[in-house]
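Secondary and tertiary structure notes
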Amino acid sequence: MIVCVAVVGHQNNPLYIQSFTDADDALKLHHIVHCSLDVVDERVNNPKKSGPTLNETFLGLLYPTENYKVYGYLTNTKVKFILVTTDLDVRDADVRNFFRRFHAAYVDAVSNPFHVPGKKITSRTFADRVSTIVQSFGLSSAA
């Protein structure tokens with residue numbers, strides 16, 4: 001189950017963070033997202049140490065914690081997508097499919113002529129699409 005998704009700008013400023021759990025966990029999930037940015041920077045700046053090549057946008061599993069697994073995705077414009085899940089046996093294909101659909105929703109949201117680049121994403125349509133993508137996570141890879 002996905003418990004949190006985040007969009008972080010190229011200057012590590014949060015553009016969108018949504019948690020799908022109780023309010024008590026929200027602060028902890030924000031902290032996990034913030035900590036994952038160091039891992040993203042490490043993977044991007046030292047590509048020899050970790051698996052993905054320079055043109056690979058899917059960063060894979062950033063780090064596991066006791067209760068969560070954190071995955072990352074980097075766009076061409078250096079915007080980072082972070083996914084926090086409680087599932088311990090998530091398939092990479094499902095995570096890649098999630099990020100592909102999430103990226104499409106993000107592109108649609110920032111293509112809005114009323115959206116100011118670099119500012120928080122406040123679109124209700126984007127939030128609804130994200131909720132739909134999160135609910136369908138892991139149900140089928142052909143979505």
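Conventions and cut-offs
Residues numbered from 1 in each chain as written. Predicted model: local features only at pLDDT ≥ 70, side-chain atom pairs only at ≥ 80, totals over all residues. Heavy atoms only, no water. UniProt positions renumbered as here; feature names shortened; annotations may be inferred. Helix = DSSP H or I, 4+ residues; strand = E, 2+ residues; numbered from the N terminus. Buried < 20%, exposed > 50% of the residue type's maximum accessible area, 1.4 Å probe, protein only. Expected span 1.5 Å × (residues − 1).

Looking up the protein in an unreviewed UniProt entry gives the name Trafficking protein particle complex subunit 2-like protein, with the organism given as Hibiscus sabdariffa. The UniProt entry for the protein carries this comment under Sequence similarities (unreviewed entry): "Belongs to the TRAPP small subunits family. Sedlin subfamily."

Here the focus is unusual backbone geometry. In this model, N12 sits at a positive phi of 60°, which is unusual for a non-glycine residue. Assignment of secondary structure puts N12 in the loop between β1 (2-8) and β2 (14-19). On the basis of relative accessibility, which here comes to 31%, the residue N12 falls in the partly exposed class. Unlike most non-glycine residues, K78 shows phi in positive territory, near 70°. Position of K78 relative to the elements: it lies in the loop between β4 (69-74) and β5 (80-85). In this structure K78 comes out as partly exposed when scored by relative accessible area, which is 44%.

Here the focus is the environment of N97. Topologically, N97 is positioned in helix α2 (residues 92-110). Look at N97 and you get buried, because its relative accessible area is 9%. Along the primary structure N97 and S111 are separated by 14 residues, whereas in three dimensions their C-alpha atoms are 21 Å apart.

Because each turn of an α-helix spans 3.6 residues, side chains separated by three or four positions in sequence point in the same direction. Taking 1.5 Å of rise per residue, the 19 residues of α2 would be expected to cover 27 Å, and the 26 Å separating its terminal C-alpha atoms lies within 8% of that figure. Looking at α2, one finds that the buried residues are D94, V95, N97, F98, F99, F102, A105, Y106 and A109.

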